[in-house]
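# Per-entry structural report
These are the residues of each chain, in order.
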Amino acid sequence: MSSKPKIIILGAGMSGIACALSLYKDFDVQIYEKSRGIGGRLCAKRLPQGLFHFGAQFCTAHTMAFQNFLRDSDAINFLGSSFDVNTGSIIETKDCFVARDGMHSLLKKYNEVLNIHYNHKAIDIDEKRKLISFDSGQKVSYDIIISSLPLPQTREIFQTEINHDATFSPCLAVGMSIDGNPYYEHNAYKNINKDAAWLGSSSFYNSKNKETWVLQFSPKTSLAMMNDSDSRIQVSAEISVRNIFNGNYEITYSGIFRWKYALCNRSNLKSKFTSITDDSFAIGDWNISPRVESAYISGVALGEYLTGTKL
Ligand SMILES: Cc1cc2nc3c(=O)[nH]c(=O)nc-3n(C[C@H](O)[C@H](O)[C@H](O)COP(=O)(O)OP(=O)(O)OC[C@H]3O[C@@H](n4cnc5c(N)ncnc54)[C@H](O)[C@@H]3O)c2cc1C
């Protein structure tokens, strides 16, 4: 048994992993993740049709610390360029990074360093007895608990009320392959019409793979269509794609991802993490802004706070 204080982190997305990396040398850190893999909203799937990014397709890095983290993870730095259909202009974004094998692969190597328990969904936290209950019926004790779940999901498992200004919008993401001879000029399009907010090609992240596309509906349309059948969603996706691509081509669909909690607002609060009680905390992008870098900064900020204060 470790004599170090036991820190449980819920969630193995960017913020949970960044936090764990700042803490694991000083504490007994255990991560519990509900799904069967690392990454959270950095979700990429390799399907027979190719590699699909159903979550973030790339990220920006403005701080040296995050740039170094990405370089350590073999991310590729590029100048992002997308075409805004609404304004007819090309938008260039500096310091973009992609991962060759899917954004989740930025975190994969930490499977070997960190103690991650997959397929464990936390359903309740007994703050008085310091016990977490999982959907399997298992209960685990902790000295410190850190939730890296989106705020609405964090609120569901804690009894203490959490005051925060974060709200989340949903996102329907549709993965597609395009066969035939489509004609298009750019590899990413923004503000396509009132329904579709983004259409991005996999050529961003690996030009050697077969090209795949992901269309993201706007928050309003995503909310309205969240419970629609796959075929209705595909019809809407096709209308948006045909707004952009000319030529003779067929669209084949590879998957629809229904994110209930996709993008948060930019927080007006100053703290990079949330203190729930003396020994429970929450991290995640929503403490700062809807970006992978914010998730990283939030996790590291709490790690530094806890190692600085040492129990
Ligand atoms: C469609 C989409 C497009 C995006 N595009 C971009 C972009 O272009 N650029 C950019 O910078 N950012 C983008 N983002 C945002 C970016 O993905 C997030 O900011 C970042 O990944 C959030 O990381 P996180 O650690 O805060 O949360 P998450 O990645 O959500 O991590 C939370 C983890 O907790 C797990 N979990 C949930 N409930 C439980 C439970 N009860 N018990 C245990 N585990 C649980 C989840 O499975 C997940 O792994 C996009 C997001 C989406 C969805």
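Predicted model only: the values in this text are computed from it and were never measured.

## Focus: the layout of surface pockets
In this structure, the second largest pocket spans a volume of roughly 180 Å³. As for the second largest pocket, its lining consists of Ala18, Leu21, Ser22, Ala65, Asn68, Phe69, Asp72, Tyr110, Tyr296 and Val300. The set of elements that each furnish at least two residues to the lining of the second largest pocket consists of helix H1 (14–23), helix H2 (64–72) and helix H7 (292–309). With four residues, the single largest contributor to the lining of the second largest pocket is H2. Residues that form the lining of the second largest pocket fall into these classes: seven nonpolar, two polar and one charged. Two domains each donate at least three residues to the lining of the second largest pocket, and these are domain 1 (6–43 + 105–165 + 269–309) and domain 2 (54–104 + 167–264).

## Structural notes on the domain arrangement of the protein
Each domain of the protein was delimited in the assignment, giving domain 1 (6–43 + 105–165 + 269–309) and domain 2 (54–104 + 167–264). Measuring from the centre of the C-alpha atoms in domain 1 to the corresponding centre in domain 2 gives 27 Å. Interface of domain 1 and domain 2: buried area, both sides summed, is about 2400 Å²; carbon and sulfur atoms make up 64% of it. Our enumeration of links across domain 1 and domain 2 arrives at zero salt bridges. On inspection of domain 1 and its partner domain 2, the count reaches 16 residue pairs in polar contact (both at pLDDT 80 or more). For the side of domain 1 that touches domain 2, the secondary-structure elements that each account for two or more residues are H1, helix H3 (105–108), helix H4 (151–157) and H7.

## Regarding the pattern of salt bridges
A side chain of one charge can pair with a side chain of the opposite charge when the charged atoms of the two come close. Applying the stated criterion across every chain yields a total of ten salt bridges. A salt bridge links Asp179 to Lys210, with the nearest nitrogen and oxygen atoms 3.7 Å apart. In this pair, Asp179 sits in strand E13 (residues 168–183) while Lys210 sits in the loop between strand E15 (196–201) and strand E16 (213–217), placing the two residues 31 residues apart along the sequence. For Lys210, a relative accessible area of 46% translates into the label partly exposed. Between Glu293 and Arg291 there is a salt bridge, with the nearest N and O atoms lying 2.6 Å from each other. A residue is classified by how much of its surface remains accessible, and Glu293, at 2% relative accessible area, is buried.

## Concerning the site of the ligand
Close to the ligand lie 33 residues; Ser15, Glu33, Arg41, Asp285 and Val292 are nearest. Between the ligand and Lys34 there is a distance of 3.2 Å, counted from a nitrogen atom to a backbone nitrogen or oxygen. Burial of the ligand by the protein chains amounts to 92% of its free accessible area of 1000 Å². Of all the secondary structure elements, the ones that give two or more residues to the shell around the ligand are H1, strand E17 (246–264) and H7. Among the elements that line the shell around the ligand, the one with the most residues is E17, at three residues. Per-class residue counts for the shell around the ligand are 17 nonpolar, ten polar and six charged. Lining the shell around the ligand are residues from two domains, each supplying at least three of them: domain 1 (6–43 + 105–165 + 269–309) and domain 2 (54–104 + 167–264).

## Observations regarding the pairing of strand E12 (residues 144–147)
Here E12 shows no split at all, with Ile144 and Ile146 on one side and Ile145 and Ser147 on the other all buried. Relative to E12, strand E1 (residues 6–10) is paired through four bridges, and the arrangement is parallel. Across the sheet, the residue bridging to Leu10 is Ser147, located in E12. Where E12 and strand E19 (residues 280–282) come together, three bridges link them in parallel fashion. Within E19, the position partnered with Ile145 by the bridge is Ser280.

## Remarks on the packing of aromatic side chains
Taken as a whole and judged by the stated rule, the model has 20 aromatic pairs. Between Phe69 and Tyr110 the ring centres are 5.8 Å apart and the planes differ by 20°, which places this aromatic pair in the stacked class. With Phe69 in helix H2 and Tyr110 in the loop between H3 and strand E8 (116–117), this residue pair connects regions lying 41 residues apart in the sequence. Taken together, a centroid distance of 6.1 Å and an interplanar angle of 65° make the contact between Phe281 and Tyr305 edge-to-face. Note that Phe281 is positioned in strand E19 and Tyr305 in helix H7, a separation of 24 residues in sequence.

Each value, and the rule that gives it
Residues numbered from 1 in each chain as written. Predicted model: local features only at pLDDT ≥ 70, side-chain atom pairs only at ≥ 80, totals over all residues. Heavy atoms only, no water. 1 Å grid on protein atoms, 1.4 Å probe; cavity = no way out; pocket = protein on both sides within 12 Å on 5 of 7 lines; lining within 4 Å. Points joined across faces, edges and corners; volume = space filled by probe spheres on them. Helix = DSSP H or I, 4+ residues; strand = E, 2+ residues; numbered from the N terminus. Nonpolar A, V, L, I, M, F, W, Y, C, P; charged D, E, K, R; others polar. Domains from an automatic or database assignment. Buried area = accessible area lost by both parts, 1.4 Å probe. Salt bridge = Lys/Arg side-chain N within 4 Å of Asp/Glu carboxyl O. Polar contact = N/O pair within 3.5 Å; in protein donor to acceptor, adjacent residues only side chain to side chain. Buried < 20%, exposed > 50% of the residue type's maximum accessible area, 1.4 Å probe, protein only. Near = heavy atom within 4 Å. Areas by Shrake-Rupley, 256 points an atom, 1.4 Å probe, with all protein chains shown as cover. Pairing = 2+ DSSP bridges. Phe/Tyr/Trp six-rings, centres within 6.5 Å; stacked < 30°, edge-to-face > 60°.

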